[in-house]
Amino acid sequence: MTRRSCAIYATGFVCAHLLIVGIALVVAQVFQTMIYNRLKKELTLTEASQVFESWKNPPPPVYMEYYFFNVTNPEVFLAGGKAAVTQIGPYTYREYRPRENVTFLENGTKVYALNPKSFVFVPEKSRGNPEVDILRTVNIPAVAVMSELNSYSFLLRTFVSMWMNSIGVEIFMTRTVHEVLWGFKDPLLSKIHAMKPEVDEMFGLMWKKNGTHEGEFVFLTGERDYMEYGRIDTWNGLTEMSWWSSNQSNMINGTDGSVFHPLLSRKELLYIFAADLCRSIHLGYVEDVEVKGIPAYRFAPPHDVLQSPEENPTNAGFCVPAGDCLGTGVLKVSVCREGAPIVVSFPHFYQADDKYINAVEGLSPNKEEHETYLDLNPTTGVPIRACKRAQLNIILNRVPGFPKTKHLKEIIFPIMFVNETATIDDDSAAQMRTLLLIVTLVSNFPLLIVGMGAILLIVFVILVCRSRQKKNEVKRIDFTEAFHSFTTAKDETAYTQVSDKPEVEPSDNNHTNQPMRNGSYIAMSPVEAQKC
């Protein structure tokens, strides 16, 4: 066997084995399973994990943008006309949210943590100065008092109305944005505080929320099951709430929105417990996106999250008392707001019934500016970009005994909305891209083996074709040489006598008197020369 033949057979042998092994690994998904198991082990809330430190101190900056609805025609509205508002803002604050008092429980399967939030004003990202800009909005303390007295006697309501008029309390108030947001000493609450000390005399939409936390959380670390990674086990010691009218509505489902389990699927629903909304909500897959070169799945609350019970019966549990329901796109949260007639929605009543949008002039909901969404990397479950948007509203209606409300029709009046945004920082994005590259290379290593086998297959085919071509050339050369030898031998063959008679030397006489004998080439029959 020649050296060339050995090379061809060796190439074919290696090619066959690479293809067989590579295809078997692709079908069995050995390397993919191996790297995914590694991810499940690393993405846990344990001190040895790669993500624990970023969970404790999130590196991406979080910004809170506050927008307010300034009422431009309070007199017209109180007289029975349509309210008109203009949007002002944003007033942007940098949010810091480190986790404190982190304690592991039950052999590391659970972790306790507090999540205090503090806010610092960022003027370069704001439009206006909150300490200077004036805002005219609904006097929420006054409306809350009137709503609370709605179940009392008409005589008592009349007496309270006269008392409120004497101290100058109106349905609308004019304050700076900073006062409405972070708190001021309210004259009505101050009078009530003197009679009932447990009532705070200060009021602000974010009063006592700067530097404080939303409750005590216990999270599952994901040590037992990667699907439990970051899921809330208890909130303020509770495994479920008691505000709503059904067990399903009272469930505390999902994470706090900062982490999600790895290996996400487009078909699954993700759950988030929002303490400020007093409930859990779910998000569904919307589309594939890319953020800073990182692939992500976009999840957003589907339309059925805030649908009315007529359209989505599972939402009937959020009607308190049972049967007292609002329309699509709004949620009454009085049960967790000390009885105040507070309603939450998406900004500008996005995804809400038209009756809420058309009741106030100046609203224009749109998906780009008012949709809540999360962009999550499907491999790691890490949030790459997040936009949480929610609007605060209050119910205004006629309250007998309060003459200033006599022309009011029930309306859900917008107060403000917040846009909480966060995008992965550049350093974290670079680390994420490197991690995903490693995952991709390891997962697709069997395909590299198949590719090498395919290349060797092409080389093997070329070598076989060239070998056959070489043999054909050798055969042609042998045939040419044989033919050349044959013709050469024919030219060199002498004439031989055919007759068996002994050859007699011709004499001059014989030569003259006898004819010459005829001869022929070898293999020809002897023929005597014939006389004429």
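Labelled according to an unreviewed UniProt entry, the protein appears under the name Scavenger receptor class B, member 2a, originating from Coregonus suidteri. Listed under Subcellular location (unreviewed entry) in UniProt, the entry text for the protein is "Membrane". Per UniProt, the protein has the following entry under Sequence similarities (unreviewed entry): "Belongs to the CD36 family."

Colleague: Please clarify how the overall build of the protein should be interpreted in this entry.
Modeller: In terms of helices and strands, the protein carries 13 helices and 20 strands. For the protein, the proportion of its 532 residues judged to be buried stands at 43%. When contacts within the protein are restricted to residue pairs at least 6 apart in sequence, those whose partners lie at least 24 apart make up 64%. Of the roughly 29800 Å² of accessible surface on the protein, a fraction of 56% belongs to carbon and sulfur atoms.

Colleague: What am I meant to see in the state of the cysteines here?
Modeller: Two cysteines form a disulfide when their sulfur atoms are joined by a covalent bond. This model, assessed by the stated rule, comprises two disulfides. Here C278 pairs with C336 through a disulfide, and the sulfurs are 1.7 Å apart. Its S-S torsion of approximately 85° makes the covalent link between C278 and C336 right-handed. Separated by 58 residues along the polypeptide, C278 in the loop between β12 (270-274) and β13 (279-291) and C336 in the loop between β15 (330-332) and β16 (342-345) bring together distant segments of the chain. Exposure remark for C278: the relative accessible area of 1% places this residue in the buried category. The buried category is assigned to C336, whose relative accessible area is 15%. In this model, C319 is linked to C325 through a disulfide, with the two sulfur atoms separated by 1.9 Å. Across the S-S bond linking C319 and C325, the dihedral sits near 120°, which makes this disulfide right-handed. Owing to a relative accessible area of 29%, C325 belongs among the partly exposed residues under this scheme. When the bonded cysteines of the protein are numbered from the N-terminus onward, they pair as 1-4, 2-3.

Colleague: Honestly, the pairing of strand β10 (residues 217-220) in this entry has me stumped. Any pointers?
Modeller: A regular strand carries its side chains on alternate faces of the sheet. Going residue by residue along β10, you find F217 and F219 tucked away on one face and V218 and L220 tucked away on the opposite face as well. Pairing geometry for strand β4 (residues 110-114) and β10, over four bridges, is antiparallel. The partner of Y112 across the bridge, within β10, is V218. Where β10 lies against strand β11 (residues 232-235), three bridges are found, and the strand directions are antiparallel. Note on β11: the bridge partner recorded for V218 is T234.

Colleague: Looking at this structure, how should I read the pattern of salt bridges?
Modeller: Side chains bearing opposite charge may pair, as long as their charged atoms lie close to each other. Counted under the stated rule, the structure contains 20 salt bridges. E228 is the partner of R224 in a salt bridge, and the nearest nitrogen-oxygen pair spans 3.8 Å. Bridged by salt links that share partners, the residues E95, R97, K117, E214 and E420 form one connected network.

Colleague: Got a minute to help me understand the side chain of T137 in this structure?
Modeller: Here T137 shows up in strand β6 (residues 134-138). The class for T137 is buried, based on a relative accessible area of 2%. Among all residues touching T137, those that are not within four sequence positions of it are F69, V71, I171, F172, M173 and I415.

Colleague: I keep staring at the confidence of the model for the protein and nothing clicks. Help me out?
Modeller: Caution applies to low-pLDDT regions: their predicted coordinates should not be interpreted in detail. Across the protein, the average pLDDT comes to 86, with 83% of residues at or above 70. Every residue in residues 506-532 scores below 50 in pLDDT, and together they form 14 contacts with partners more than four places removed in sequence or on other chains.

Colleague: What am I meant to see in helix α5 (residues 140-148) here?
Modeller: Since there are 3.6 residues in each turn of an α-helix, residues three or four apart along the chain are aligned in direction. Along α5, the positions that sit buried rather than exposed are I140, P141, A142, V143, V145 and M146. Looking at the packing, one finds that the buried side of α5 touches β6, α6 (154-166), α8 (187-195), β9 (202-203), β19 (383-396) and β20 (411-423).

Colleague: When you look at empty space enclosed by the protein in this model, what are you seeing that I'm missing?
Modeller: Unfilled space is identified by rolling a water-sized probe across the atoms. This structure, assessed with the given rule, holds two cavities of 30 Å³ or more. A142, M146, S161, M164, N165, V169, E170, I171, F402, P403, K404 and T405 together form the lining of the largest cavity. Counting only elements with at least two residues in the lining of the largest cavity, the list comes to α5 and α6. Considering each element in turn, the lining of the largest cavity owes the most residues, three residues, to α6. Residue composition of the lining of the largest cavity, by class: seven nonpolar, three polar and two charged.

Colleague: Is there a simple way to think about the nonpolar core in this case?
Modeller: The nonpolar side chains of a soluble globular protein tend to be buried with one another. If you look at the biggest cluster of nonpolar residues, it comprises 103 residues, and the most contacted ones within it are Y66, F68, M164, L205, I394 and F413. Examining the composition of this core, we find that seven residues originate from one element, β20, more than from any other. Discounting chain neighbours no more than four positions away, the residues touching M164 are A142, V145, M146, V169, L188 and F402. Core analysis: the next-biggest nonpolar cluster, separate from the first, contains nine residues, V289, A296, I384 and I424 among them.

Colleague: Where do I start with the packing of aromatic side chains in this structure?
Modeller: Remark: the centre distance and the inter-plane angle together describe each pair of aromatic rings, the angle taken between the planes. Taken as a whole, this structure holds 22 aromatic pairs when the rule is applied. Each ring, one from Y93 and one from W182, has its centre 5.3 Å from the other, and the planes form 70°; the classification is edge-to-face. Placement of Y93 in strand β2 (residues 83-96) and of W182 in helix α7 (residues 177-182) is noted, with a sequence separation of 89 residues between them. Here the two residues Y93 and W182 agree in accessibility, since each one is buried. With a centroid separation of 5.5 Å and an interplanar angle of 80°, the aromatic rings of Y285 and Y297 are classed as edge-to-face. Linking Y285 in strand β13 with Y297 in strand β14 (residues 294-300), this pair joins segments that are 12 residues apart in sequence. Each member of the aromatic cluster is reached from another via a ring pair, and the members are F52, W55, F104, F217 and F219. If you follow K125 out to its NZ or CZ, it ends over the ring of Y63, 5.0 Å from the centre. R298 extends its terminal NZ or CZ atom over the ring of Y373, reaching a point 3.8 Å from the ring centre.

Colleague: What's the story with the sheet that holds β4 in this structure? I'm lost.
Modeller: Pairing between sheet strands relies on hydrogen bonds along the backbone, with the strands arranged either parallel or antiparallel. Strands sit in the order β3-β4-β10-β11 across an open sheet of four strands; the sheet is antiparallel. With one partner strand each, in any of the chains shown, β3 (100-105) and β11 form the two edges of the open sheet. When strand polarity is set aside, the average angle formed by the axes of neighbouring strands in this sheet is 20°.

Cut-offs used in this document
Residues numbered from 1 in each chain as written. Predicted model: local features only at pLDDT ≥ 70, side-chain atom pairs only at ≥ 80, totals over all residues. Heavy atoms only, no water. UniProt positions renumbered as here; feature names shortened; annotations may be inferred. Helix = DSSP H or I, 4+ residues; strand = E, 2+ residues; numbered from the N terminus. Buried < 20%, exposed > 50% of the residue type's maximum accessible area, 1.4 Å probe, protein only. Contact = heavy atoms within 4.5 Å. Areas by Shrake-Rupley, 256 points an atom, 1.4 Å probe, with all protein chains shown as cover. Disulfide = S-S within 2.5 Å. Pairing = 2+ DSSP bridges. Salt bridge = Lys/Arg side-chain N within 4 Å of Asp/Glu carboxyl O. pLDDT = per-residue confidence, 0-100. 1 Å grid on protein atoms, 1.4 Å probe; cavity = no way out; pocket = protein on both sides within 12 Å on 5 of 7 lines; lining within 4 Å. Points joined across faces, edges and corners; volume = space filled by probe spheres on them. Nonpolar A, V, L, I, M, F, W, Y, C, P; charged D, E, K, R; others polar. Core = buried A, V, L, I, M, F, W, Y, C linked by side-chain atoms within 4.5 Å. Phe/Tyr/Trp six-rings, centres within 6.5 Å; stacked < 30°, edge-to-face > 60°. Lys NZ or Arg CZ within 6 Å of the ring centre and 35° of its normal. Axes fitted to C-alpha atoms, helices over the stretch in contact; angles between N-to-C directions.

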